[in-house]
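Read off the chains here:
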Amino acid sequence: MTRRIVYLAGGVGGSKLAVGLASLLSPDELTIVVNTGDDEEFHGLHVSPDVDTVMYALAGLTNEVSGWGVTGDTFSGLSMLERLGAPTWFNLGDKDLATHIRRTQLLRQGWSLSKVTNELSQQLGIKHRIVPMSDDSVRTVIHTPEGPLSFQDYFVRRRCEPSAAAIDFTGADTAQPSAGFSEALQEATAVIYGPSNPIVSIGPILALPGLRERLQAFSGPRIAVSPIVGGEAVRGPAAKMLRELGEEPGVGAIARRLAGLCDILVIDETDRDAASEVERWGMKAVAEQTIMTNIEDRISLAGRVLELAS
Ligand code: GDP
């Protein structure tokens, strides 16, 4: 029987395992579903940061130093925008700008974000399906002592400094999962949650109407990889946000958030002793090397996850 894997991802962490999975699975075996809660408009252009991070990773274009953007990109366009008086706190390289120009152009012609993502992926030579979680607008809002901040405002302009008191996914209650997501889930033999921020990357996907129920009722194996290693995020604000929301950052917090939606949580081998904190949420813990610094790590972790999913 053909495997049909639905893989749920955010940006940087999610894209690393996506590359591993894409090296081991054929295009018809894998659908990568990406968070769009971080999407925002800059300079009149629709930017989908997580979709782009996954797309650039699969196209072999990722800037491996920063984890986002296109390798070797230059920033002349942004400098000129600054000279022209535009706010330029959100870094957009010249090649990256081309992606957003093309995306925005196609969206203005009435294409859905799914159709645009498929077109951009094909043009970049990507064989595997990347689908946005929804074609409807869902926007992550971080409520802070400075007031509500859009995700990019919080993450990039304010460098995650304000404390997060609450998180909202504006639009999520009426947004529909994209057709590509919904159909892939219908046919899926396994679901994999990437090592992505549980609050602002996996959170918006789970906030879509009916999604939790579908994942709860899913009859195949559901495997997740923890983005928290040794009580800290490998990068980004996941641990800080969990603390601010009153949760102890650890593999237990990841398991708690996926309770009823996941059968096996892959934790890092350094967290082996915390397996019982995972298992109290009704899932098995499996300890592996989960830090992905190079392509070999990505393929090896993906291989292990696929073994667990079979
Ligand atoms: P973002 O939208 O770009 O923040 O991307 P994600 O939500 O996909 O990724 C952020 C999460 O990925 C963070 O919580 C990191 O801890 C996690 N992460 C990044 N690299 C790795 C890695 O190599 N291994 C694991 N296990 N987690 C990682």
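Residue positions within a chain follow its written sequence, with the count starting from 1. For a predicted model such as this one, the threshold for reporting local features is a pLDDT of at least 70, and the threshold for listing and counting side-chain atom pairs is 80 or more; totals across whole chains, interfaces and linings nevertheless cover every residue. Processing note: side-chain calculations cover all non-hydrogen atoms of the structure and skip hydrogens and water entirely.

(A) Highlighting the site of the ligand. Near the ligand you find 21 residues, and of these Ser196, Asn197, Ser201, Pro227 and Val234 are the closest. At 2.7 Å from an oxygen atom of the ligand is found a side-chain nitrogen or oxygen belonging to Ser196. We define a polar contact as two N or O atoms separated by no more than 3.5 Å, with the added condition that, inside protein, one atom must be a possible hydrogen donor and the other a possible acceptor, whereas residues neighbouring each other in sequence contribute only through side-chain atom pairs. Within the backbone of Pro227, one N or O atom sits 2.6 Å away from an oxygen atom of the ligand. Using a 1.4 Å probe, accessible areas were evaluated by the Shrake-Rupley method; residue-level cover was limited to the displayed protein chains. Within the complex, the protein chains bury 95% of what would otherwise be the 590 Å² of accessible surface of the ligand. Segments assigned H or I by DSSP are reported as helices when at least four residues long, segments assigned E as strands when at least two residues long, and all are numbered from the N terminus. A per-element tally of the shell around the ligand places helix H1 (residues 12-24) first, with four residues. Think of it this way: one heavy atom of a residue within 4 Å of a molecule or strand is enough to make that residue near it.

(B) Up close: the environment of Ala86. By the element assignment, Ala86 lies in the loop between helix H3 (76-83) and helix H4 (94-108). Measuring from C-alpha to C-alpha, the distance between Ala86 and Arg222 comes to 45 Å, with 136 residues separating the pair along the chain. For Ala86, the residues in contact, after removing those within four places along its chain, are His43 and Leu81. The criterion used for residue contact is that any of the two residues' heavy atoms lie within 4.5 Å.

(C) Expanded view of unusual backbone geometry. Phi is positive for Arg159, which is not a glycine, with a value near 45 degrees. With respect to the secondary-structure elements, Arg159 resides in the loop between helix H6 (151-157) and strand S8 (166-170). The cut-offs for exposure are 20% and 50% of the maximum accessible area for each residue type, with area from a 1.4 Å probe on protein chains only; residues under the lower value are buried, those over the upper are exposed, and the others partly exposed. Judged by its relative accessible area of 62%, Arg159 falls in the exposed class. Of note, Cys160 is a non-glycine position whose phi angle comes to about 60 degrees, a positive value. Tracing the backbone shows Cys160 in the loop between H6 and S8.

(D) Fine view of the sheet that holds strand S6 (residues 139-144). The antiparallel open sheet is built from three strands, whose spatial order is S7-S6-S8. The two strands at the open ends of the sheet, each matched to only one other strand, are strand S7 (147-150) and S8. For this sheet the average axis-to-axis angle between neighbouring strands, irrespective of direction, equals 30 degrees. Strand pairing is assigned whenever DSSP detects at least two bridges linking the two strands. Axis geometry follows a simple rule: fit a line to the C-alpha atoms, using only the stretch in contact for helices, then measure angles between N-to-C directions, giving values from 0 to 180 degrees.

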